[in-house]
Protein chains: 2
Amino acid sequence: MKQSRMLIPTQKQDPTGAEALSHRMLIRGGYIQQVSAGTYAYLPLAYRVLEKIERIIKREMDATGASEMLVPEIIPAQFWQDSGRYDTYGAELFTLKNRHDTEFILGPTHEETFTELVKNSIKSYKKLPLNLYQIQSKFRDEDRPRYGLLRSREFLMLDSYSFSANEDDLDQIYKEMRTAFEAIFNQIGLSYRGIIGDSGSMGGSDSMEFSAPAAVGEDTIVYSNDSEYAANLEMATNMFVPQKSHAEAQPLELVDTPDVKTIDQVTAFFDVHSDQVVKSLLYLADEQPVVVLLRGDQVANEAKLKHVLGVDKFELATADQVKQLLNVQPGAVGPFDLPQGTKVLADEYVQPVVNAVIGANQTGKHYQGFNPTRDLPELEYVDVRTVKEGDISPDGSGELQFTKGIEIGHIFKLGTRYSKVLGADILDENGRQQPIIMGCYGIGVSRLLSAVAEQQADDNGLVWPTAIAPFDVHVIPTNVKKEEQVELATQITGALEDAGLEVLVDDRKERAGVKFADSDLIGIPVRVTIGKKADEGIVEVKIRKTGETVETKVDDLNNTIKILAKEI
Amino acid sequence: MKQSRMLIPTQKQDPTGAEALSHRMLIRGGYIQQVSAGTYAYLPLAYRVLEKIERIIKREMDATGASEMLVPEIIPAQFWQDSGRYDTYGAELFTLKNRHDTEFILGPTHEETFTELVKNSIKSYKKLPLNLYQIQSKFRDEDRPRYGLLRSREFLMLDSYSFSANEDDLDQIYKEMRTAFEAIFNQIGLSYRGIIGDSGSMGGSDSMEFSAPAAVGEDTIVYSNDSEYAANLEMATNMFVPQKSHAEAQPLELVDTPDVKTIDQVTAFFDVHSDQVVKSLLYLADEQPVVVLLRGDQVANEAKLKHVLGVDKFELATADQVKQLLNVQPGAVGPFDLPQGTKVLADEYVQPVVNAVIGANQTGKHYQGFNPTRDLPELEYVDVRTVKEGDISPDGSGELQFTKGIEIGHIFKLGTRYSKVLGADILDENGRQQPIIMGCYGIGVSRLLSAVAEQQADDNGLVWPTAIAPFDVHVIPTNVKKEEQVELATQITGALEDAGLEVLVDDRKERAGVKFADSDLIGIPVRVTIGKKADEGIVEVKIRKTGETVETKVDDLNNTIKILAKEI
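Computed from a predicted model, the values in this text were never measured in an experiment.

Conventions and cut-offs
- Residues numbered from 1 in each chain as written.
- Chains lettered and ligands numbered in written order.
- Predicted model: local features only at pLDDT ≥ 70, side-chain atom pairs only at ≥ 80, totals over all residues.
- Heavy atoms only, no water.
- Helix = DSSP H or I, 4+ residues; strand = E, 2+ residues; numbered from the N terminus.
- Expected span 1.5 Å × (residues − 1).
- Buried < 20%, exposed > 50% of the residue type's maximum accessible area, 1.4 Å probe, protein only.
- Arc of directions from axis to C-beta.
- Least-squares fit on C-alpha atoms with pLDDT ≥ 70 in both.
- Contact = heavy atoms within 4.5 Å.
- Axes fitted to C-alpha atoms, helices over the stretch in contact; angles between N-to-C directions.
- Parallel < 35°, antiparallel > 145°, perpendicular 65-115°, else oblique.
- Left-handed = near helix turned anticlockwise from the far one by under 90°.
- Nonpolar A, V, L, I, M, F, W, Y, C, P; charged D, E, K, R; others polar.
- Domains from an automatic or database assignment.
- Buried area = accessible area lost by both parts, 1.4 Å probe.
- Salt bridge = Lys/Arg side-chain N within 4 Å of Asp/Glu carboxyl O.
- Polar contact = N/O pair within 3.5 Å; in protein donor to acceptor, adjacent residues only side chain to side chain.
- Pairing = 2+ DSSP bridges.
- pLDDT = per-residue confidence, 0-100.
- Phe/Tyr/Trp six-rings, centres within 6.5 Å; stacked < 30°, edge-to-face > 60°.

J.: Now, about helix α13 (residues 483-498) of chain A: what can you tell me, with residues and values included?
T.: All names here are of chain A. An ideal rise of 1.5 Å per residue puts 22 Å on 16 residues; α13 measures up with 23 Å between its terminal C-alpha atoms. Those residues of α13 that fall on the buried side of the exposure criterion are Q485, L488, A489, I492, T493 and L496. All buried residues of α13 lie within an arc of 135 degrees about the axis, which places them on one face of the element. Among the exposed residues of α13, those oriented more than 90 degrees off its buried face are E483, E487, T490 and D498. Of the residues trailing α13, G500 is marked for its positive phi of about 85 degrees.

J.: How would you summarise the relation of the copies chain A and chain B if you had to cite specific residues and measurements?
T.: Of the two same-sequence chains, chain A is brought onto chain B (RMSD 0.5 Å, axial shift 0.1 Å) by a rotation of 179 degrees. Considering both components of the superposition, the chain copies are consistent with a two-fold axis. Considering only C-alpha atoms, the part of chain A nearest the rotation axis is L96 of chain A, at 2.6 Å. Residue by residue, 100% of the interface of chain A is reproduced at the interface of chain B, so both copies engage with the same surface.

J.: Explain the packing of helix α2 (residues 44-63) of chain A against helix α6 (residues 167-188) of chain A residue by residue, including any values.
T.: All names here are of chain A. Where α2 contacts α6, the two axes come as close as 9 Å, and the packing angle between them is 150 degrees. With respect to each other, α2 and α6 are oriented roughly antiparallel. For the element pair α2 and α6, the recorded crossing hand is right-handed. Together, I53, I56, I57, R59, E60 and M61 of α2 and M177, A180, F181, A183, I184, Q187 and I188 of α6 make up the contact between the two elements. When its residues are assigned to classes, the contact of α2 with α6 shows 10 nonpolar, 1 polar and 2 charged.

J.: Pulling in residues and values, what's your account of the packing of helix α1 (residues 21-28) of chain A against helix α12 (residues 445-456) of chain A?
T.: Residues and elements named next belong to chain A. Two numbers describe how α1 lies on α12: the axes approach to 8 Å, and their chain directions differ by 100 degrees. Taken together, the axis directions place α1 and α12 in an arrangement best described as roughly perpendicular. On α12, the residues touching L21, S22 and L26 of α1 are L449, S450, A453 and E454. Of the residues in the contact of α1 with α12, the class split is 4 nonpolar, 2 polar and 1 charged.

J.: For the domain arrangement of chain A, give the residues involved together with the corresponding values.
T.: Examined at the domain level, chain A breaks down into domain 1 (15-236 + 402-453), domain 2 (253-382) and domain 3 (471-567). Averaged C-alpha coordinates put domain 2 of chain A and domain 3 of chain A at centres separated by 68 Å.

J.: Let's hear about the interface of chain A and chain B: which residues, and what values?
T.: Between chain A and chain B, the contact holds 58 residues from the first and 58 residues from the second. For the pair chain A and chain B, the summed buried area comes to about 5,100 Å², and 59% of that belongs to carbon and sulfur atoms. Between the two partners, chain A and chain B, sit 4 salt bridges. In this structure, E51 of chain A engages K58 of chain B in a salt bridge whose closest nitrogen and oxygen atoms are separated by 3.1 Å. Where chain A touches chain B, the interface holds 26 residue pairs in polar contact (both at pLDDT 80 or more).

J.: Describe in detail the sheet that holds strand β28 (residues 503-505) of chain B, supporting the description with residues and values.
T.: All names here are of chain B. Strand order in the open sheet formed by 5 strands is β28-β27-β29-β30-β31, and the pairing between neighbours is mixed. Of all the strands in the sheet, the pair left with one neighbour each is β28 and β31 (549-553). The sheet shows a mean angle of 25 degrees between the axes of neighbouring strands, taken without regard to direction. On the sheet, helix α13 (residues 483-498) packs against β27 (473-477), β28, β29 (526-530) and β30 (538-543) and is oriented at approximately 165 degrees with respect to β27.

J.: I'd like a rundown of the confidence of the model for chain A, residues and numbers included.
T.: All names here are of chain A. With 98% of its residues at a pLDDT of 70 or more, chain A shows a mean pLDDT of 93. Contacts for the low-pLDDT stretch residues 199-204, under 50 throughout, to residues beyond four places or in other chains number 6 contacts. Prediction confidence for the complex, expressed as pTM and ipTM, is 0.89 and 0.89 respectively.

J.: Give me the lowdown on the packing of aromatic side chains, citing residues and values where you can.
T.: Residues and elements named next belong to chain A. With the rule as written, the count across this model stands at 26 aromatic pairs over all chains. Ring geometry for F185 against F210: centres 5.4 Å apart, planes inclined by 55 degrees, an arrangement best described as tilted. Of this pair, F185 sits in helix α6 while F210 sits in strand β10 (residues 207-213); the two residues are 25 residues apart in sequence, bridging distant segments of the chain. Assessed through its relative accessible area of 0%, F185 is described here as buried.

J.: So what's going on with unusual backbone geometry? Residues and values would help.
T.: In this model, L128 of chain A is joined to P129 of chain A through a cis peptide bond whose omega is 0 degrees. Tracing the backbone through its elements, the reader meets P129 of chain A in the loop between α5 (111-121) and β7 (130-139).

J.: Please set out the pattern of salt bridges residue by residue, giving values where relevant.
T.: Residues and elements named next belong to chain B. Applying the stated criterion to the full structure yields 72 salt bridges over all chains. Note that E112 is salt-bridged to R85, the shortest N-O span being 2.8 Å. With a gap of 27 residues between them, E112 in helix α5 (residues 111-121) and R85 in helix α4 (residues 85-88) connect regions that are remote in the sequence. What makes E112 buried here is its relative accessible area of 0%. The residue D383 makes a salt bridge to R385 at a minimum N-O spacing of 3.3 Å. Its relative accessible area of 0% is what places R385 among the buried residues.

Listed below in structure tokens is the structure:
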């Protein structure tokens, strides 16, 4: 393909307002152009990358036995009213009316439509399981679109929906989809982590999020540096490794501690480390008081607490609420002499402390010599702490690290969430009516393009993995006024194309420096430069990723590229 | 692919309200399902056909040097306000607002967006010509959607936009696109006609519409049975072949014709054929009176008249207007003694009439012995007649036939229509600012699916041409309880797939009759039936289109299919 015949509007300067590396480089490389806030045109180079990503996705999806199809992007609002999502989805839903005043939404996802289609078509367990997918533009009316394609109002997504008559078939498809998604991300050349979802809060269903580590990620991902373990910070856990103390247990002793409220004040007053203090926090869980004990050097994780208690509403009590409920100052809360019905929970790491300091639940007083097993023998221990970098991974393998991550995919066991409310029933093997059991599986296709760019671009521009690069080789005659260069470019392009490679030829009448800068911005894996040694039949091969260059005879070019490309 | 794992909801009965053959059969074959009035889901079989159509389109488009890309489906309303189309496009435009009250439209076509993108990227003639295309969902808020995919609210379309610095480059691209479109339609296996557009009314620009003859078409297409000639009825013309009469010219004579008004009454009164009568019609063209003369057996073509006169408003005068302007009854209008400033035009076929009857422009009177060259020597002759079936084609080759047609594609020289109003200028070779010269080219992708179905389906279901069939071969073991049939089906499928064919295997536990009926509905070109002779290694091959069947040894199957498939 001749570069002069493609729309590739490269830019020397960073565009204003583009913070993310991927956003800047996709614009500077001539891949995307903004059309309105949060919507982008995919110019020809970006489209070639998208097509390759889509081809990989389709191949892996088809291999699982899923079938591709396509549903309308405008969805009758009635479908979402029936499912209950119309009211809960919020302001991100684009709505519109047709000329006859029927209300529609622009689909951000299509659980309802697929459920309706299957409900109209399938009446018996015999026609299940089915897994149906599509790749299509989706819409979300973001309040503040940003980071280019990462948070946009119109984006490309794979969404797949499975329908089965029993949990076993769902489990089977869910497993196959996990394997397929991993194969897709691996082939695309993306570094990613699979994050086990919060299985409890979703009613026992399994889910997994796939996240690509990147500086602009909106989630904090916790992962082990030595195992597969990964989790969102909210749900991350570390191994419970009780350090045994050989100190002799001291008696529990009430101490006057006027004006001692914070952990820092406590450690200073008693001259102890914070891991020798047990802090007591009063929460309201669905309006009921709960006292939570944590070691002084640790931080409560409210998502875990909510999950452990199985409540919807969970808030730290205000100073007023503390006074009202316990009749003490907030800094003096303790697990003693609590009003009837106050639940007490402790993090696992409280259990092994010896001779700790703890609030006495009396204003201006603390206990020292607190030994939990002796002093609160009924205490319930759970994992409600927030992990820290350097903690031991819960699988015992490696230490926890933090990173920012971009959500690139999600698999989810929906169960009967949609089939029940929309009435999608089948007759089971015993002739009984049962709601269909569903799963859904999604990949952010346009996000993948950005995620790869985010992970692999450098200061000079984009760097594409071979599997999804818009072209395999960038052929650059440095001076198209020299006939021998143009001829050699044509000859080389022909030979490379005959070998099955996709070639972009920079046939423009630009200076060599401009061409090289543009080539770096565009980021094709291999560059072949045809310069002064063209008449000797010698060209230069450069690997974009490593910067490695070698000179080679034209006759050896295909081999040289093959050898170098293996290293990419 | 196993039929049991695909969503193919065939139906025995015609769906209610589906008039068009293609609509009925696409639903009955399990290809499409309505989601809301005028929107359809493309189920897996339909998606496979669409994908093959798209692949053919992309290959031909890429071969012309055009590049594929993708622009957002939601378009800022401002773009269309700037181009002037926001107000003129009418009620078919879907509009919506985002949460910040910015107005958008759902794109029915994207001239403005592409013009804006190129305007932002291209400043010099050196970077042109460019041809950019996309295949994507488009939206039109049809008042009365019908015929399934043929007139729907959301549809798939190829739209391509060319940008050039001069007319020659536009001409070149326009020609290439015409060739590419013809190659696409031919490969898809569609019968179609290329219809030259009304070049005058669009400001001198060329255009061509591609129309697929079909019973449900909304346009009447006129074509020659012996040449390439085709036109919409509005613009169709026939050859002017003056028949010489050897009759002697009679004198012009005023005759009392009380109560004789219509052509039938005139022919009865004078005992002549209608081709011996000249009828006179009074029109108002942009409010000015025009008398139009036609031979009595011919019908005026108002589109041609409007075009010839170069007017925007064109209406037949009412009885009241006739009386007011000419002071006669409507049936008595004639080209004589007209008020000052009344234009008179005659169709070419009036010129050779001899001794005709004509209105005298006096109530209750006609002339006989009218000889135009003698009696109205100044008369202007033009082609303003409506053609009839059997007329001679204007190129002299063959007779005109009428058919209904479905518009499947359009190519159009836009010139500077959009670049001027949107300010998309470039510097030309002389450093002068010039608006970019544009063309646009469209194919209704989902319409093609329906058009092929419309042309080729029969009473038993769909009949797909090999190039776009969802599968190449339908393998049907008639009884899956018989192990030898299932084994043979697996063996045959493997062999066919190894030979590069796509195979659908009906592995369902259905009766043979149900399977055959479904197979006919689905319309895969070749069916292989594995029945009672399975243990002898004999199967039946049936060609869907011709109904031809042969028995063949399994070892000869691939060859048999190859031989038979050539005939399809």
